[in-house]
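Close look at the chain arrangement
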Amino acid sequence: MAAATPGRVRGEPIALALGAGGARGLAQIGVIEVLEARGLRIVSVAGSSSGALVGGIYAAGRLREFREGIERMTRGEFLRLLDPVIARPGMIGGQRLVGAMREIVGDPRIEELPVPFTAAAVDMERQRVVWLRSGPLWDALRASFAISGLFTPQVVHGRELVDGGLLAPLPITATRLSDAHRLVAVDMHGRPRQPPGDPADGQPAPPPRGSRLGRWLDRRLGNPPSEIGLVDTMSRALDTMQAQIARVQLALDPPELVINIPRDVCQFYEFWRAKEVIGVGREAAEKALDAAGYRAVRPGEA
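This is a predicted model, so every value here is computed, not measured. (Residues numbered from 1 in each chain as written. Predicted model: local features only at pLDDT ≥ 70, side-chain atom pairs only at ≥ 80, totals over all residues. Heavy atoms only, no water.)

1. Quick word on the overall build of the protein chain
Counted only if it meets this: To qualify as a helix, a DSSP run of H or I must reach at least 4 residues; to qualify as a strand, a run of E must reach at least 2; elements of each kind are numbered from the N terminus. Throughout this description, buried means an accessible area under 20% of the type-specific maximum (1.4 Å probe, protein chains only), exposed means over 50%, and partly exposed covers the range between. Here a residue-residue contact requires only that any non-hydrogen atoms of the pair lie within 4.5 Å. Using a 1.4 Å probe, the Shrake-Rupley method yields the accessible areas, and only the shown protein chains count as cover for residues.
Scanning the protein chain for helices and strands turns up nine helices and eight strands. In the protein chain, buried positions account for 54% of the 302 residues. Sequence separation of 24 or more characterises 77% of the internal contacts of the protein chain that already satisfy a separation of 6 or more. Carbon and sulfur atoms form 52% of the exposed surface of the protein chain, whose accessible area is close to 14200 Å².

2. Topic: the pattern of salt bridges
Basically, it comes down to this: Only one rule defines a salt bridge in this text: a Lys or Arg side-chain nitrogen within 4 Å of an Asp or Glu carboxyl oxygen.
Here the structure, examined in full by the defined rule, presents 16 salt bridges. A salt bridge links Arg126 to Asp123; its shortest N-O distance comes to 2.8 Å. The shortest N-O distance in the salt bridge between Glu276 and Arg273 comes to 2.7 Å. For Glu276, a relative accessible area of 38% gives the class partly exposed. Judged by its relative accessible area of 23%, Arg273 is partly exposed. Among the charged side chains, a salt-bridge network with shared partners connects Glu33, Arg67, Glu71 and Arg282.

3. Regarding the packing of helix α5 (residues 95-105) against helix α6 (residues 137-144)
Note the following rule: Axis lines are fitted to C-alpha atoms, over the contacting stretch for helices. Their N-to-C directions set the angle, which ranges from 0 to 180 degrees. Angles below 35 degrees are treated as roughly parallel, those above 145 as roughly antiparallel, those between 65 and 115 as roughly perpendicular, and all remaining angles as oblique. Rotating anticlockwise by less than a right angle from the far helix to the near helix defines a left-handed crossing, while the corresponding clockwise rotation defines a right-handed one.
Where α5 meets α6, the closest approach of the two axes is 12 Å, and the angle between their N-to-C directions is 140°. In terms of orientation, α5 and α6 fall into the oblique class. The crossing of α5 and α6 is right-handed. Contacts from Val98, Met101, Arg102 and Val105 in α5 reach Leu137, Trp138 and Arg142 in α6.

4. Looking at the nonpolar core
This is how it is decided: The nonpolar core is taken to be a set of buried Ala, Val, Leu, Ile, Met, Phe, Trp, Tyr and Cys residues, with the residues joined through side-chain atoms within 4.5 Å.
Among the nonpolar cores identified, the biggest contains 80 residues, and Leu16, Leu26, Leu35, Phe117 and Leu132 are the most heavily contacted of them. Ranked by residue count, the leading element in this core is helix α9 (residues 274-292), at nine residues. Filtering out sequence-adjacent residues up to four positions away, Leu132 remains in contact with Ile110, Phe117, Thr118, Ala119, Ala121, Ala140, Ala143, Val156 and Leu161. Counting residues in each nonpolar core, the second largest holds eleven residues, with Ala15, Val43, Leu170 and Ala185 among its members.

5. Quick look at unusual backbone geometry
With a phi close to 60°, Ser49 is a non-glycine residue in the positive phi region. Within the secondary structure, Ser49 sits in the loop between β2 (41-48) and α2 (50-59).

6. Section: the environment of Met188
Relative to the helices and strands, Met188 is located in strand β7 (residues 182-190). Look at Met188 and you get buried, because its relative accessible area is 0%. Taking the C-alpha atoms as reference points, Met188 and Asn260, 72 residues apart in sequence, are found 6.2 Å from one another. If we skip the residues at most four places from it in the chain, Met188 touches Gly19, Ala20, Gly21, Arg24, Gly25, Ala27, Gln28, Ile261 and Arg263.

7. Looking at the packing of helix α1 (residues 27-37) against α2
To be explicit about the condition: Amino acids outside the nonpolar list (Ala, Val, Leu, Ile, Met, Phe, Trp, Tyr, Cys, Pro) and the charged list (Asp, Glu, Lys, Arg) are all regarded as polar, and Gly is one of them.
The interhelical angle for the contact between α1 and α2, taken along N-to-C directions, is 40°, at an axis separation of 10 Å. Here α1 is positioned oblique relative to α2, judged by the angle of their axes. The element α1 and its partner α2 pack so that their crossing is right-handed. Contacts between α1 and α2 involve Gln28, Ile29, Ile32 and Glu36 on the former and, on the latter, Ser50, Gly51, Val54 and Tyr58. Each residue belonging to the contact of α1 with α2 can be placed in one class, and the counts come to four nonpolar, three polar and one charged.

8. Comments concerning the pairing of β7
Using the following cut-off: Pairing between strands is defined by DSSP: at least two bridges between the two strands are required.
Across the nine residues that make up β7, a large majority, eight, are buried. By the bridge criterion, five bridges tie β7 to strand β8 (residues 257-262) in an arrangement that is parallel. Counterpart to Gly190 in the pairing with β8 is Pro262.

9. Examining the side chain of Ser144
Here Ser144 shows up in helix α6. Judged by its relative accessible area of 0%, Ser144 falls in the buried class. Among residues more than four places away in sequence, those in contact with Ser144 are Gly47, Ser48, Ser49, Ala52, Ala119, Ala120, Ala121, Asp163 and Gly164.

10. Some words on the packing of aromatic side chains
Just so we agree on the cut-off: Pairs were defined over the aromatic rings of Phe, Tyr and Trp, the Trp ring being its six-membered one, requiring ring centres within 6.5 Å. Orientation was assigned from the angle between planes: stacked under 30 degrees, edge-to-face over 60, tilted for the rest.
Overall, the coordinates contain three aromatic pairs when judged by the stated rule. Look at Phe268 and Tyr269: their rings are 5.0 Å apart centre to centre, the planes differ by 85°, and that puts the pair in the edge-to-face class. Since its relative accessible area comes to 8%, Tyr269 is described here as buried. An aromatic cluster of three or more residues is present, and its members are Phe78, Phe271 and Trp272.

So this is what it looks like as structure tokens:
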């Protein structure tokens, strides 16, 4: 529940907290586009995991170019960007993926970005959240989306960092130092569009289905074939944990406005469905802003 009903102030400065959620995080591109279309001015961004990816690229002023590129990406092109590794603490190195995105965004430092930005990562040795507010942008983003067990950790300032979604799937606290009038949070674990059936209705549950990417990775890593492999099991477990932590964060530090993305929009790694997922984000943002009283800005309106 939001802490208060937002007003209708043209150009109102807001802080934006972007949540973790795998490929669902791309929906936040659509959210940002709608916020700007409604005349809201984003003066601070914090993000975790895929939310950090979207937020960092937005803060660098390259979100449109990134959206255009990822909307064109096919499943095969995405899979070719994954670089499986052997005998390391993770299945994917991530160098190809980061390299492809760096070509679009460049390689700025966080403290030089036009919009203040914070990426959430986790130091597992010290068991705490780390806010990354300076240094190379891609070091911070790579650390924030380094899903434990899937991507190898990223070393930043001598610390091995992993996915911020482990402890801060919705980094609300990281936005509280800004001068924004209000905080808008995007929760990636909203009510599903197709809720699961009642487990006590006496009907047999349908067999679980794994993603093609999960089965592809399992084959590349030499895991035995199964309908739900290691990768899908890991992603579902992480998603469940993130959803519970995000609910606690929202309850303890409620923002003025929450935009909910349905948790069943896509599989955790279906980044090739970017255009569809971004459209879902736009729809969710329009609905939330209409309910909060923010109207669309007409062309030429001051």
